[in-house]
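Next come the chains, spelled out residue by residue.
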Amino acid sequence: MNRSRSSQPPVPRVTRSAGSRLTELAERLDSGPGPYGKQRRKQTDSALAQDLSQMSMSGQDTLNNSSPSASAVKSSSRGGLASVARLVKLGRCKNVVVVAGAGVSTASGIPDFRTPGTGLYANLEKYNIPYPEAIFNIDYFSNDPQPFFSLAKALYPGSHRPNYIHYFIRMLHHKGLLLRVYTQNIDGLERLCGIPDDKLVEAHGSFATAACHLCYTAYPAEEAKQAIMNDKLPICTFCAATVKPDVVFFGEDLPQRYFLNTQDFPKADLLIIMGTSLQIEPFASLVNTIRSTVPRLLLNRNAVGPFEKVPLRRADHMELGDLEETVRRFAEMLGWNDDIEDLMRSQETLSLPTLISSPLSVDQTSCQSRGTPAGTETSRSRAGGQRGASSGSEETDSETDSKSSASSSQST
Ligand code: CNA
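Being a predicted model, the structure only gives us computed values, none of them experimental.

1. What about the UniProt feature "binding site: Zn(2+)" (unreviewed entry) in the protein?
So, point 1. In the numbering used here, UniProt assigns the feature "binding site: Zn(2+)" (unreviewed entry) to Cys212, Cys215, Cys236 and Cys239. In terms of the greatest pairwise C-alpha distance, the residues named above, spread along 28 residues, form a tight cluster of at most 8.5 Å across.
So, point 2. Of note, Cys236 is situated in the loop between helix H10 (221–229) and strand S7 (243–247).
So, point 3. You can see Cys239 is positioned in the loop between H10 and S7.
So, point 4. Owing to a relative accessible area of 31%, Cys239 belongs among the partly exposed residues under this scheme.

Next comes the structure, spelled out in structure tokens:
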């Protein structure tokens, strides 16, 4: 984790915050003095019409979405998935970046934040907190850690399994197409399904490590888990403050690995955004840092972020509806479904490791320089799918990468 300590060299700091600057950003882009703003103002009616005809969206759930943007785009339904599948099959997408959120894991039985009715935010009464975000607010935690620890008991990895969507992402890696997956999820399911550490950025941290929330002294993650599960407070051996899992709270710095985005996004040739409301900054604005000609595919129940505005950017596609169902259709179009099913079956016969006892090769402090250079990935078959499961990564996919990660994994 990127902790501010005086003994460390200065590192870039980005702090997690609730709320989105997207609207403000979009408005500046639309009307501001920059080249994009000018371009938008100059757009003729026919150019707009062309944009609209190129706009790619489908999915019935928009019918339930009353926002003006949703009703505008639903009249221009074209196969967003099919267009992107075609690009992939043509070999035009070899550096795919995936941006993921809690919607990826709802099919594994983990509620997201914001889905009305089922989301965690709609079910927080029992935690007795003044506002939903308080549960992930570091100052609130400092004062009263109990609400978070109650929630943590339900969220701790172990009882949930990766689903088809996680394995689809892993299949992107198998095919040699995955540049990186940036996930906001803290459930560790990307790692459990075998996506190698070096392909993964857990932008909001995970339960795999723990540290004092005040002085950041590392604390054994398993001991922290045992204490939390038994309704005891894990206490820092150095300063006696409360220890917490290295989940990034509002007001805390994001892991150093997050900064891989400055290398990855300029290089990406396809961005797939799945299962996120794009409400949490700075993560949400990542999707705006991709080159404007690069296709962005949103797979979600509803339009979010820049996809709420019409007209969509001409390289934008979205497919609205249930994510697992959509990803299955996408995989069918790509001809990957059987491979994914086989992979899942082979993994299901294994006992998945607990994240905490796995080698912590996702070192959130020192990984910025050890990401795999794009293009060094080779496409391999799924034959080695079993081997990596003990560490949550697949050696066959990327043996060298996994080893280099493991060798530099121990600091926090
Ligand atoms: P969110 O704000 O709850 O948004 C989730 C999005 O996914 C929403 O737009 C939903 O409509 C959509 N969605 C949910 N289920 C489905 C589905 N089955 N099919 C299609 N779309 C679906 O969550 P975000 O990830 O955007 O917010 C970031 C927070 C959530 C991060 O800080 C996480 O730590 C936090 N979170 C993580 C988990 C997890 O690790 N599994 C669970 C809950 C919250």
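Resuming the write-up.
2. Observations concerning the pairing of strand S10 (residues 316–320)
So, point 1. With five of five residues buried, S10 lies mostly within the body of the structure.
So, point 2. Judged by which residues are buried, S10 turns out to be covered on both faces: Asp316, Met318 and Leu320 on one side and His317 and Glu319 on the other are all buried.

3. Topic: the layout of surface pockets
So, point 1. Taken as a whole, the largest pocket spans an internal volume of roughly 820 Å³.
So, point 2. Considering the residues around the largest pocket, the lining is formed by 39 residues, among which Ala102, Gly103, Asp112, Phe113 and Gly275 are closest to the centre.
So, point 3. Here the residues of the lining of the largest pocket sort into 15 nonpolar, 16 polar and eight charged.
So, point 4. Residues from two domains meet in the lining of the largest pocket; each of domain 1 (78–106 + 163–200 + 257–348) and domain 2 (111–159 + 205–247) gives at least three.

4. Some remarks on the packing of aromatic side chains
So, point 1. Summed over all chains, the structure comprises 14 aromatic pairs.
So, point 2. Summarising the aromatic geometry, the rings of Phe113 and Phe136 are spaced 5.3 Å apart at their centres and angled 50° between planes, so their arrangement reads as tilted. Of this pair, Phe113 sits in the loop between strand S2 (96–100) and helix H6 (138–143) while Phe136 sits in the loop between S2 and H6, and the two are 23 residues apart along the sequence. Like Phe113, the residue Phe136 is buried in the burial classification.
So, point 3. Ring centres 5.5 Å apart and planes at 85° place the aromatic pair Phe141 and Phe249 in the edge-to-face group. Here the residue Phe141 occupies a position in helix H6, and Phe249 occupies one in the loop between S7 and helix H11 (261–267), the gap between them amounting to 108 residues.

5. Side note on the site of the ligand
So, point 1. Near the ligand lie 29 residues; those nearest to it are Arg16, Arg114, Asp187, His204 and Ser277.
So, point 2. One of the side-chain N or O atoms of Asp322 is found 3.2 Å from a nitrogen atom in the ligand.
So, point 3. The fraction of the free accessible surface of the ligand (860 Å²) that becomes covered by protein chains is 97%.
So, point 4. The pocket occupied by the ligand, as judged from atoms lying within 2 Å of grid points, is the largest pocket.
So, point 5. Its residues assigned to classes, the shell around the ligand comprises nine nonpolar, 14 polar and six charged.
So, point 6. Each of domain 1 (78–106 + 163–200 + 257–348) and domain 2 (111–159 + 205–247) contributes no fewer than three residues to the shell around the ligand.

Rules behind the numbers
Residues numbered from 1 in each chain as written. Predicted model: local features only at pLDDT ≥ 70, side-chain atom pairs only at ≥ 80, totals over all residues. Heavy atoms only, no water. UniProt positions renumbered as here; feature names shortened; annotations may be inferred. Helix = DSSP H or I, 4+ residues; strand = E, 2+ residues; numbered from the N terminus. Buried < 20%, exposed > 50% of the residue type's maximum accessible area, 1.4 Å probe, protein only. 1 Å grid on protein atoms, 1.4 Å probe; cavity = no way out; pocket = protein on both sides within 12 Å on 5 of 7 lines; lining within 4 Å. Points joined across faces, edges and corners; volume = space filled by probe spheres on them. Nonpolar A, V, L, I, M, F, W, Y, C, P; charged D, E, K, R; others polar. Domains from an automatic or database assignment. Phe/Tyr/Trp six-rings, centres within 6.5 Å; stacked < 30°, edge-to-face > 60°. Near = heavy atom within 4 Å. Polar contact = N/O pair within 3.5 Å; in protein donor to acceptor, adjacent residues only side chain to side chain. Areas by Shrake-Rupley, 256 points an atom, 1.4 Å probe, with all protein chains shown as cover. Sits in = over half its atoms within 2 Å of the grid points.

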